[in-house]
Amino acid sequence: GRRGPESVPTSAFLGETAKAVMAEMQRIREEFGTMFCSVFRTITSDNGSEFASLAALKDLGTKVYFTHPYSAFERGTNERHNGLLRRFVHKGKKISDYCLDAILRLEEWINGLPRRILGYKTPEELFEAELDAIVAEEVEAAAAQLGSAPTLRQMGLVIKAVIARAAGRAQGAAVAAKVQAALA
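Given the structure is predicted, the values throughout are model-derived calculations rather than measurements.

(A) Representation of the overall build of the chain in the model. Of the regular secondary structure elements, the chain holds 7 helices and 2 strands. Put simply, the chain runs from its N terminus to its C terminus through helices and strands in the order α-α-β-β-α-α-α-α-α. For the chain, with 184 residues in total, the buried portion stands at 24%. Put simply, of all contacts in the chain between residues at least 6 apart along the chain, 48% involve residues at least 24 apart. Accessible surface for the chain amounts to roughly 12200 Å². Of this, 57% is attributable to carbon and sulfur atoms.

What follows is the structure, given as structure tokens:
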């Protein structure tokens, strides 16, 4: 889905600095909350100075890898996505010259494009399936803590708490706290 104001130039969101990259990573960490390290188990980057601070993510449980110089083959999927992007944002053009709405449309197209390497599924549908599996694992783990015969109410509260925690937002944290109080 689309996020953010659609008429704001992308230069307000994009930057080629370590600070801009880490600000975006912080936004993503907040969006995924406690599930961040389950969703983003590894991150592979090139050696650009804008990615230097990514190594700090390993302290959170996400493994960070940096490719060797002039070794684009070490991140082939990323290079494929860059090629798709370059169909619309040609070499020499800055992505920040495009409005956010155009970039979001392009993002939707790229993530909704079936890939042979993915068994002709889309990145979006596989990502959503992986999120569903991660949430299901958290629900199972939380349900196991309730004992051998949890009530339907308890299970409903557990599911609600896991989803709220996964949201990673302040309102999600408040819902999770209320659910934990109800289970106590």
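Resuming the write-up.
(B) Representation of a negative patch on the surface within the structure. Among the surface-exposed residues, Glu-124, Glu-125, Glu-128 and Asp-132 lie close enough to one another that they form a single negatively charged patch. Position of Glu-124 among the secondary structure elements: in helix H5 (residues 123-144).

(C) Examining the packing of aromatic side chains more closely. All chains considered together, the criterion is met by 4 aromatic pairs. Look at Phe-36 and Phe-40: their rings are 5.1 Å apart centre to centre, the planes differ by 35°, and that puts the pair in the tilted class. Phe-36 gets classed as buried once you look at its relative accessible area, which sits at 3%. Their ring planes at 80° and their centres at 5.4 Å tell us that Phe-88 and Trp-109 sit as a pair that is edge-to-face. Remark: Trp-109 occurs in helix H4 (residues 100-111) and Phe-88 occurs in the loop between helix H3 (76-86) and H4; sequence separation between them is 21 residues. When its relative accessible area of 43% is taken as the criterion, Phe-88 is described as partly exposed. Judged by relative accessible area, Trp-109 falls into the partly exposed class, the value being 32%. What links up through ring pairs into an aromatic cluster is the set Phe-32, Phe-36, Phe-40 and Phe-127.

(D) Geometry of the packing of H3 against H4. Interaxial distance between H3 and H4 falls to 11 Å at its minimum, and their mutual angle equals 130°. Compared by their axis directions, H3 and H4 come out oblique. Judged by the sense of rotation from one axis to the other, the crossing of H3 with H4 is right-handed. In contact with His-81, Leu-84 and Leu-85 of H3, H4 contributes Leu-106, Trp-109 and Ile-110. Split into classes, the residues belonging to the contact of H3 with H4 amount to 5 nonpolar, 1 polar and no charged.

(E) Here's a closer look at the confidence of the model for the chain. Averaged over all residues, the pLDDT of the chain equals 77, while 79% of them reach at least 70. The spread of mean pLDDT over the elements of the chain runs between helix H7 (residues 170-183), the lowest at 56, and strand E2 (residues 63-66), the highest at 90.

(F) How the structure looks around the nonpolar core. Grouped together as the largest cluster of nonpolar side chains are 15 residues, with contacts concentrated most on Met-25, Phe-32, Met-35, Phe-36, Val-39, Leu-54 and Leu-57. Secondary structure elements with two or more residues in this core: helix H1 (18-32), helix H2 (36-39) and H5. Setting aside chain neighbours within four positions, we find Met-25 in contact with Phe-36, Ile-43, Leu-54 and Leu-57.

(G) Focus on unusual backbone geometry. One non-glycine residue, Tyr-70, adopts positive backbone phi at about 60°. Here Tyr-70 shows up in the loop between E2 and H3.

(H) Local environment of the environment of Leu-157. Tracing the sequence through the fold places Leu-157 in helix H6 (residues 152-167). Exposure remark for Leu-157: the relative accessible area of 15% places this residue in the buried category. Sequence separation of Leu-157 and Ala-143 is 14 residues, and the distance between their C-alpha atoms is 9.9 Å.

(I) Spatial organisation of the pattern of salt bridges. Using the criterion set out here, one finds 6 salt bridges in the structure. With its nearest N and O atoms 2.7 Å apart, the salt bridge here joins Arg-27 to Glu-24. One end of the pair, Arg-27, and the other, Glu-24, are both in helix H1, 3 residues apart, so they sit about a helical turn from each other. Here Glu-79 and Arg-75 are joined by a salt bridge, their closest N and O atoms 2.7 Å apart. Residue Arg-75 is classed as buried on the basis of its relative accessible area, which comes to 17%. Members of the salt-bridge network, linked through shared partners, are Glu-24, Arg-27 and Glu-31.

Conventions adopted
Residues numbered from 1 in each chain as written. Predicted model: local features only at pLDDT ≥ 70, side-chain atom pairs only at ≥ 80, totals over all residues. Heavy atoms only, no water. Helix = DSSP H or I, 4+ residues; strand = E, 2+ residues; numbered from the N terminus. Buried < 20%, exposed > 50% of the residue type's maximum accessible area, 1.4 Å probe, protein only. Contact = heavy atoms within 4.5 Å. Areas by Shrake-Rupley, 256 points an atom, 1.4 Å probe, with all protein chains shown as cover. Patch = residues over 30% accessible without salt bridge, like charges linked within 9 Å, V, L, I, M, F, W, Y side chains within 5 Å. Salt bridge = Lys/Arg side-chain N within 4 Å of Asp/Glu carboxyl O. Lys, Arg positive; Asp, Glu negative; His and termini not counted. Charge placed at Lys NZ, Arg CZ, Asp CG, Glu CD. Phe/Tyr/Trp six-rings, centres within 6.5 Å; stacked < 30°, edge-to-face > 60°. Axes fitted to C-alpha atoms, helices over the stretch in contact; angles between N-to-C directions. Parallel < 35°, antiparallel > 145°, perpendicular 65-115°, else oblique. Left-handed = near helix turned anticlockwise from the far one by under 90°. Nonpolar A, V, L, I, M, F, W, Y, C, P; charged D, E, K, R; others polar. pLDDT = per-residue confidence, 0-100. Core = buried A, V, L, I, M, F, W, Y, C linked by side-chain atoms within 4.5 Å.

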